[in-house]
Amino acid sequence: MSVQEAAPPRAAPRPHKQTTRPRRRGGQWWIPWLFLAPALILFLYFKFIPMAQAVSMSVQEVRPYLGNTWAGTANYSEILSSDSFHSAIGNTVVLAIGQTFGSMVLGFGLALLVEGQTRKLTFIRSAAFLPVVVPIAVVAELWRIMYHPTSDGLLNQLLGLIGLGPSGFINDPDTSLASIAVTGIWRGAPYDMMIFLAGLAGIDRGLYEAATVDGASTRQRILHVTLPGLRPVFAILFVLAAVRGFRSFTEVFLLTNGGPNGSTEVVMTLIYKLGLEQNRLGVGSAGAVLLFIATLVLTVCVQLLRRRRTA
């Protein structure tokens, strides 16, 4: 009897592991866009479409009810050769620089003072942030009252306590632009303060402890630990504050309307007067386009400089 060699039993095939991929639920990709739709429609209708119309009108001679005609670069040539536009550019740059650095310095100082987690500091931070949420029209009227040029005015009474004579503030061509800058700083500094507080929270506390152990003073800790840690925050705030300064309109319009004698005329108020008061919409649109280009160039330059330093 032959003994047949038994074949080794085959291993049972392993069940194929089926990779389960999360199936995309059909028809639900549009839900986020549905929530964004109201804001996008408002932005489209009130911002992007008017921007496109402004670019179109800047190269046309706008004639309401008669039809626009092609003007080419005539509107740009007219506004660039205007002395009032040159004066408005100078006032805008001075106001933007003053408000930018003033609000950043004051906001940084406030952030250092109110940094912490206690309840008292929370209340102080909320109270300090109030100027940002107050409507700009209310802020302008408040400062108009304080800037009353007579000796009975609030600020003039304070100046009288230290032996200084009454000032005209917004009624004096020599001090009107500085007075508007002070108003902008007072309103913009609390916003910068909150951004600085967020940046301070991201700095490693161990660096402060190591600096203290090495014998660094408070000033040295701020110079060598705080300021380098806030470098990205400074770049962001510089762009935001500069754009805010270039677009100053409401406070200037409500406080002085460009006066006295054009000492506070900025680009935004000049564009408003050209377009809506003098009915020169083409020239006003050209000024708006130039202001947009200047703001865009400033933003791009700051971002490129920041990337170059971090590289």
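Rules behind the numbers
- Residues numbered from 1 in each chain as written.
- Predicted model: local features only at pLDDT ≥ 70, side-chain atom pairs only at ≥ 80, totals over all residues.
- Heavy atoms only, no water.
- Helix = DSSP H or I, 4+ residues; strand = E, 2+ residues; numbered from the N terminus.
- Rg over C-alpha atoms; globule rule 2.2 N^0.38 Å.
- Buried < 20%, exposed > 50% of the residue type's maximum accessible area, 1.4 Å probe, protein only.
- Contact = heavy atoms within 4.5 Å.
- Lys, Arg positive; Asp, Glu negative; His and termini not counted.
- Charge placed at Lys NZ, Arg CZ, Asp CG, Glu CD.
- 1 Å grid on protein atoms, 1.4 Å probe; cavity = no way out; pocket = protein on both sides within 12 Å on 5 of 7 lines; lining within 4 Å.
- Points joined across faces, edges and corners; volume = space filled by probe spheres on them.
- Nonpolar A, V, L, I, M, F, W, Y, C, P; charged D, E, K, R; others polar.
- Axes fitted to C-alpha atoms, helices over the stretch in contact; angles between N-to-C directions.
- Parallel < 35°, antiparallel > 145°, perpendicular 65-115°, else oblique.
- Left-handed = near helix turned anticlockwise from the far one by under 90°.

1. Some points on the overall build of the protein
When its secondary structure is counted, the protein shows 14 helices and 2 strands. Whereas a compact globule of 311 residues would reach a radius of gyration of roughly 19 Å, the protein reaches 30 Å, over 25% beyond that. In terms of overall dimensions, the protein has C-alpha extents of about 130 × 70 × 35 Å along its principal axes. Burial analysis of the protein (311 residues in total) assigns 32% to the buried set. Pairs at least 24 residues apart make up 66% of the contacts formed inside the protein by residues separated by at least 6 positions. Side-chain charges in the protein split into 26 positive and 16 negative, and the spacing between the mean points of these groups amounts to 18 Å.

2. Quick word on helix H13 (residues 267-277)
Listed as buried for H13 are Val-267, Thr-269, Leu-270, Ile-271, Lys-273, Leu-274 and Gly-275. A positive backbone phi angle near 60 degrees is found at Asn-279, which sits one or two residues after H13.

3. Some words on the layout of surface pockets
Size it by volume and the largest pocket reaches roughly 1400 Å³. Forming the boundary of the largest pocket are 38 residues, of which Arg-247, Phe-249, Met-268, Ala-288 and Leu-291 lie nearest the centre. At the level of secondary structure, the elements contributing two or more residues to the lining of the largest pocket comprise helix H1 (31-57), helix H8 (176-201), helix H11 (231-246), helix H12 (250-255), H13 and helix H14 (281-310). Split by residue class, the lining of the largest pocket holds 21 nonpolar, 12 polar and 5 charged. Taken as a whole, the second largest pocket spans an internal volume of roughly 310 Å³. Every residue lining the second largest pocket is counted, 10 residues in all, and those nearest its centre are Arg-231, Phe-234, Ala-235, Leu-305 and Arg-309. Taken together, the residues that form the lining of the second largest pocket break down as 6 nonpolar, 1 polar and 3 charged.

4. Here we look at the packing of helix H9 (residues 205-213) against helix H10 (residues 218-229)
Remark: H9 packs on H10, axes separated minimally by 10 Å, with the N-to-C direction vectors making an angle of 150 degrees. Regarding the angle of H9 to H10, the classification is roughly antiparallel. You can see that H9 and H10 cross each other, and the crossing is right-handed. The segment H9 lies against H10, with Leu-207, Tyr-208, Ala-211 and Thr-212 engaging Arg-221, Val-225 and Thr-226. Partitioned by chemical class, the residues of the contact of H9 with H10 number 4 nonpolar, 2 polar and 1 charged.

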